[in-house]
Amino acid sequence: MANIQDYFLQNKQTILEELMSWLRVPSISADPHYRDSVFRMADVVAESLRKAGAEHVRLLPTKGFPVVYGEKIVHPDAPTVIVYGHYDVQPPDPLELWINPPFEPQIRDEAPGFPGNIYARGAADDKGQVFIHVKALEWMLRHETLPCNVRFMIEGEEEVGSAHLPEFLEESKDLYQGDVFLISDTSLIANDIPSITVGLRGLAYMEVEVTGPRMDLHSGVYGGAVANPANVLCRMIASLHDHHGRITIPGFYDDVLELTPAERQALAEAPFDEEAYKKELGVQALWGEEGFTTPERSSIRPSLDVNGMWSGYIGEGAKTVLPSKAYAKISMRLVPNQDPEKIAELFARHFTAIAPPYVQVNVKPHHGGWPVVIPTDTPEYRAAECAMQETFGRKPVPVRGGGSIPIVALFERILGLKSVLMGFGLDSDAIHSPNERFGIYNLFKGIETVPAFYRHYARLKNS
Ligand code: BES
Ligand code: MN
Ligand code: MN
């Protein structure tokens, strides 16, 4: 069989160039200004899929951005893998903190024995990781080693909550017949400690508006006599956690599934270096819910965070003003069995109830998503485990991730299909942050691992 390493040696530059052409498209789904670019990105992905040898490649319309489809059916009786990923990206701001402009990819950090990182918005989340699957398919088709049927579902609205995808899934049940979803949109513990994500947190995302006086006021003439909605909002938000780091919304923890000591013990097997973690993040100390470790706080426990806040004057210099309104965007990460809609309601009720009489509160829910836990005693988990064992030379550790991919729970609910979260990024890739990157090592390790997954999956499904 042809050696994939030789293929990398001969094609490294062309492969990197093709990924860079993906990274040059500013497919920011959240910003209406970039609408055309998001559509163009769908075409770019489709073109690469065609070039790789996928068949029936086309854009499937949704009520939002299209889904890129492509397939390769090798045999009607072979198991079918559906590759899911997203071609949209998060907004790149704050722009001034980027070393290279976010949509002008650059390779840096090359060192002896380390091929460097590719810096651009979307490099790891999720273009680089979707690209892995396209190149892996290309390699398997060139060498006639594809043992499974494959279908692609690459969407363009993941970063804004996949609002139109549930309806799309309902309508596409016939097309998307398959056995399992294969998703690379998560991270490894480290390049020498491979891992497979077996859980994702859910999400309830809220926006709040606090209104005080009916217009902005002079902060000297009125300050001290009229409640400032910015001050009030800060106090309300501060009250959402108690001194034990627990969330104070009544009923918030009612449905939280507590792990058994044995389950917590098993998760604690995943290596974690608290000192390195603090150093990496530039913090002197950590914070969180009492009674839980840092990895637990960011995976098996729910959380509540302000994602953005604004009010009053934020331009250059000082303007004395007592603002009329203050706003915040607040996310709650959920764990099994919390229901995103129920949590959104509990939040709205509580936030309204704690509003003092001198302000009015308006709460608006944004997107949400269900948490996921993935069993490990399945052919697909074992296939991913065998594949990584083979290419990384070490058995991957199951870990529960803290992020969300809202659609994964619905793959099971709507299509009855489980997912494998075999991601190749690193937590240090700075996804959603300035200077997002993806390791070139990780890119090629991914392209090498995916064909091994197909091989093991075909074997385990047939036995
Ligand atoms: N790829 C991430 C999710 C992720 C990252 C999971 C790292 C596990 C480890 C995904 O693109 C993402 O950012 N999801 C959003 C969902 C939201 C916008 C609805 C998130 O988690 O904030
Ligand atoms: Mn992603
Ligand atoms: Mn993301």
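Located above this text is the structure these notes cover.
My aim in this report is to walk through the structure given alongside it, one point at a time.

## Observations regarding the state of the cysteines
Here is step 1: In the structure shown here, the tally under the stated rule is 0 disulfides.
Here is step 2: The structure places no disulfide on Cys-148, whose sulfur is separated from the nearest cysteine sulfur, that of Cys-386, by 13 Å.
Here is step 3: When its relative accessible area of 0% is taken as the criterion, Cys-148 is described as buried.

## Details of the sheet that holds strand 18 (residues 437-439)
Here is step 1: Strands sit in the order 4-5-18 across an open sheet of 3 strands; the sheet is antiparallel. The open sheet is flanked by strand 4 (106-108) and strand 18, the only strands paired with a single partner. Strand-to-strand twist across the sheet, computed as the mean angle between neighbouring axes with direction ignored, equals 30°.
Here is step 2: Sheet strands touched by helix 12 (residues 440-462): strand 4, strand 5 (117-119) and strand 18. Its angle to strand 18, the strand with the most contacts, is close to 60°.

## Some words on the coordination of the manganese ion (ligand 3)
Here is step 1: The coordination sphere of the manganese ion (ligand 3), as far as protein atoms go, consists of Asp-125 (OD), Glu-159 (OE), Glu-159 (OE) and His-432 (NE2), spread over 2.0 to 2.6 Å.
Here is step 2: Geometry at the manganese ion (ligand 3) is irregular, judged from its 6 donor atoms and the angles of 55 to 155° they form at the metal.
Here is step 3: Spacing between the donor residues of the manganese ion (ligand 3) along their common chain follows D-x33-E-x272-H.
Here is step 4: In this structure, the manganese ion (ligand 3) lies 3.6 Å away from the manganese ion (ligand 2), the two metals sharing Asp-125 as a donor. Within this pair, whereas Asp-125 is found in helix 3 (residues 123-142), its partner His-432 is found in the loop between strand 17 (425-426) and strand 18, the two being separated by 307 residues in sequence.
Here is step 5: For Asp-125, a relative accessible area of 6% puts it in the buried group.
Here is step 6: The exposure class assigned to His-432 is partly exposed, which follows from its relative accessible area of 39%.

## Description of the site of ligand 1
Here is step 1: Near ligand 1 there are 17 residues, and of these Glu-158, Asp-185, Arg-333, Ser-404 and His-432 occur at the shortest range.
Here is step 2: At 2.8 Å from a nitrogen atom of ligand 1 is found a main-chain nitrogen or oxygen belonging to Ser-404.
Here is step 3: Considering ligand 1 on its own, with 520 Å² of exposed area, one finds that the protein chains cover 90% of that surface.
Here is step 4: Shared between two domains, the shell around ligand 1 takes at least three residues from each, and those domains are domain 1 (4-200 + 371-462) and domain 2 (202-256 + 302-369).

## Comments concerning the coordination of the manganese ion (ligand 2)
Here is step 1: Those protein atoms acting as donors to the manganese ion (ligand 2) are His-86 (NE2), Asp-125 (OD), Asp-185 (OD) and Asp-185 (OD), and they sit at 2.0 to 2.4 Å.
Here is step 2: In this structure, the manganese ion (ligand 2) is coordinated by 6 donor atoms arranged in irregular fashion, with angles at the metal of 57 to 166°.
Here is step 3: In the primary structure, the donors to the manganese ion (ligand 2) are separated according to the pattern H-x38-D-x59-D.

## Things to note about the pairing of strand 7 (residues 180-183)
Here is step 1: Side chains Val-180 and Leu-182 of strand 7 all project onto a buried face; the interleaved residues Phe-181 and Ile-183 project onto the opposite face, where all are buried too.
Here is step 2: With 4 bridges joining them, strand 3 (residues 80-86) and strand 7 adopt parallel strand pairing. When the bridges of strand 7 are listed, Tyr-84 appears paired with Ile-183.
Here is step 3: Here strand 7 pairs with strand 16 (residues 419-421) via 3 bridges, running parallel. Looking across to strand 16, one finds that Ile-183 is bridged to Leu-421.

Quick notes on the rules
- Residues numbered from 1 in each chain as written.
- Chains lettered and ligands numbered in written order.
- Predicted model: local features only at pLDDT ≥ 70, side-chain atom pairs only at ≥ 80, totals over all residues.
- Heavy atoms only, no water.
- Disulfide = S-S within 2.5 Å.
- Buried < 20%, exposed > 50% of the residue type's maximum accessible area, 1.4 Å probe, protein only.
- Pairing = 2+ DSSP bridges.
- Helix = DSSP H or I, 4+ residues; strand = E, 2+ residues; numbered from the N terminus.
- Axes fitted to C-alpha atoms, helices over the stretch in contact; angles between N-to-C directions.
- Contact = heavy atoms within 4.5 Å.
- Donors = N, O, S within 2.8 Å, 3.2 Å for Na, K, Ca; no water.
- Tetrahedral: all angles 85-135°; square planar, octahedral: opposite > 155°, others 65-115°.
- Near = heavy atom within 4 Å.
- Polar contact = N/O pair within 3.5 Å; in protein donor to acceptor, adjacent residues only side chain to side chain.
- Areas by Shrake-Rupley, 256 points an atom, 1.4 Å probe, with all protein chains shown as cover.
- Domains from an automatic or database assignment.

In short, geometric facts, not functional conclusions.
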